[in-house]
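Structural overview for review
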Amino acid sequence: MTDLLLDPSIRTWVFLPIVIITFMIGVARHYVSLIITNKKRTKLEGVIDAAYLLRSRLLRENGRILPKNSYWMRKNSLVNDEHGYLSVAMNRAGRGGAPNPMDPETLTEMLKGNILNMVPMIFVGGWINWTFSGFVTTRVPFPLTLRFKPMLQRGIDLVSLDAAWVSSASWYFLCVFGLRSIYTLVLGEENVADQSKMMEDQMASPAGMAPPDPKAAFKNEWEALSMHSHHFAFN
Amino acid sequence: MVADRRDWTTVSFEEGREALKEWREEHARRSEEVVELWEHVLSRSPSSLADELCTVYEQVCIAALDCSRTDLAHECINALHKRFPGSSRVLRLQAMFYEARGQWKTADDIYEKLITADETNPAYRKRRVAMLLGQGKRLEGIKALVEHLESFITDSEAWLQLSELYLAESDYARAAHAMEEVLLTAPTNSIYLRRLADIRYTQGGQENVEVARAYYEQALKFSPVDLRALYGIVLSCNTLVATARVTPDKKREYMTAAAAALARIQERYESVEPEAANPEEHSNIMEAVRGMEIH
């Protein structure tokens, strides 16, 4: 069987442009996101709550180095029924509880994230598919089984074509997922250019990235500390 | 870490840069050396520091304020201000500059502004406390520090400072409380353990001295060469033996513990300074140590 020979202008006008466009769009995404996302402002209450949770945990872990009096004083200040910090925080309404999804601030954040995510994915992907459709662009240097055909040869339905050949649409997707290390090289570690990372993040939290409920954290900590028994370690 | 004092005026550029970086990372307070290094070595070509330049400026600025070289600090702040106009980090340096010149009111106003702008940053509040202490207003400093700790309850640096302040006020119970907080975050630190034991011992009373002894023992476990902890054991055991409400069993236990500690103290003196070196002083020390024993 004679080998397929590709027109050199496919390399110049299809193969390379796809790489460059994908890369440029990633870089543009990075800078656009720098402009439109504002820094998350932490609230003082959040910091205080975190500090109290940490202290309660420390008390459980290292409480045995304190004499009885000191331990109970601290424990009482945290889990006392009436004004212990944890007990109060546990039953606190309002600022505790999961953030309201209808809150306009959260909504805009979500919208921004979606725009950054979806626009390149749908429009650029679609545009590339439309402009560069139907080209066989390159070949992977190893033989592949037929099952790889739909992955590597999107947009070309040729039964007789060897599975190692890659179509232009598939090449675009390979670039999207494969440019991560190059972005790291160009933009530094903390870049948002990489779409694949964002997708992984979304996969990782199927619940839709709901931040942990502070009330539940307080309740857990309250229970743990209430159950904790104390022995002075150095007696 | 280099313990000896080198002549930093003659080192090479690269070496100086490395040294500054090292100190910056371990938060070493070697202000005079930093200023020296900057003036003699690095300031010759600041631009070759490239990305590091701004952090170096910040470091040199703080060091210069430490040595009351306000001229140099002013230079650094100006350079940084040009690069980052309106940055709160530069503003903080500016406030520290006023602090160093004793213009407390101006500095305090700046910190006030910074705290309202970013209330979650503990550094500004701590600077305010430091400022009050710098003016010698200890009680107000304690008040401000307690207020700071209400929000940042796990800040062990602040607890340590609070403990020291209470000690200066001879409020041993509160000092002990603050020290216990420090210890909660670093339960194996023998210096903190010993400090708490010292406070407990000073508080007095059978219960406190018993706890003090326990802490001294623990401190000794983590740092077996701690002579001070050994002395602490001897002293607290002696105190306990003299207390009225102690069972004979306990009494015996304390006496053996004290004797064991004394033996270790003697051993340590022998190893550090053998008898032959200075017989008279040696016998004096041994005499004093043996004098602590209770029969």
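Residues numbered from 1 in each chain as written. Chains lettered and ligands numbered in written order. Predicted model: local features only at pLDDT ≥ 70, side-chain atom pairs only at ≥ 80, totals over all residues. Heavy atoms only, no water.

Chain B is annotated in an unreviewed UniProt entry as ER membrane protein complex subunit 2 from Pristionchus pacificus.

The name recorded for chain A in an unreviewed UniProt entry is ER membrane protein complex subunit 3, from Pristionchus pacificus. According to its UniProt record, chain A has this under Subcellular location (unreviewed entry): "Membrane". Quoted straight from UniProt, the Sequence similarities (unreviewed entry) entry for chain A says "Belongs to the EMC3 family." (UniProt positions renumbered as here; feature names shortened; annotations may be inferred.)

Below, the discussion takes up the overall build of chain A. When helices and strands are counted, chain A shows 10 helices and 2 strands. Written out in order from the N terminus, the α and β elements of chain A read α-α-α-α-α-β-α-β-α-α-α-α. Taken over 235 residues, chain A has a buried fraction of 35%. A fraction of 68% describes how many contacts in chain A between residues 6 or more apart in sequence connect residues 24 or more apart. Entry remark: accessible area of chain A is about 15100 Å², with carbon and sulfur atoms responsible for 64%. (Helix = DSSP H or I, 4+ residues; strand = E, 2+ residues; numbered from the N terminus. Buried < 20%, exposed > 50% of the residue type's maximum accessible area, 1.4 Å probe, protein only. Contact = heavy atoms within 4.5 Å. Areas by Shrake-Rupley, 256 points an atom, 1.4 Å probe, with all protein chains shown as cover.)

Below, the discussion takes up the interface of chain B and chain A. Of the residues lining the interface, 23 residues belong to chain B; the matching set on chain A comes to 23 residues. For the pair chain B and chain A, the summed buried area comes to about 2000 Å², and 65% of that belongs to carbon and sulfur atoms. Contact with chain A buries area across many residues of chain B, yet Thr-120, Ile-153 and Leu-184 of chain B alone supply 28% of it, more than any other trio. Put simply, chain B and chain A have 3 salt bridges between them. Salt-bridge contacts for Glu-180 of chain B lead to Arg-74 of chain A; the nearest nitrogen and oxygen are separated by 3.1 Å. Viewed at the interface, chain A and chain B are joined by 8 residue pairs in polar contact (both at pLDDT 80 or more). Going through the elements one at a time, helix 8 (138–151), helix 10 (172–185), helix 11 (190–203) and helix 12 (206–222) of chain B are the ones with two or more residues in the side of chain B that touches chain A. (Buried area = accessible area lost by both parts, 1.4 Å probe. Salt bridge = Lys/Arg side-chain N within 4 Å of Asp/Glu carboxyl O. Polar contact = N/O pair within 3.5 Å; in protein donor to acceptor, adjacent residues only side chain to side chain.)

Residue and element names in this part refer to chain A. Taking the UniProt record as the reference, the feature "transmembrane region" (unreviewed entry) is found at residues 12–32 and 115–136. For residues 12–32, helix accounts for 100% and strand for 0%, while the C-alpha atoms at its two ends are 29 Å apart. A distance of 31 Å separates the end C-alpha atoms of residues 115–136, which is 77% helix and 5% strand.

Let us now look at the packing of aromatic side chains. We describe a pair of aromatic rings using the distance from one ring centre to the other and the angle between the two ring planes. Residue and element names in this part refer to chain A. Inspection of the entire model under this criterion finds 10 aromatic pairs over all chains. For the ring pair Tyr-172 and Phe-173, a centre distance of 5.3 Å and an interplane angle of 65° mean the geometry is edge-to-face. Accessibility expressed as a relative area gives 27% for Phe-173, which makes it partly exposed. Here the aromatic cluster, defined as three or more aromatic residues joined through ring pairs, consists of Tyr-52, Tyr-85 and Phe-218. (Phe/Tyr/Trp six-rings, centres within 6.5 Å; stacked < 30°, edge-to-face > 60°.)

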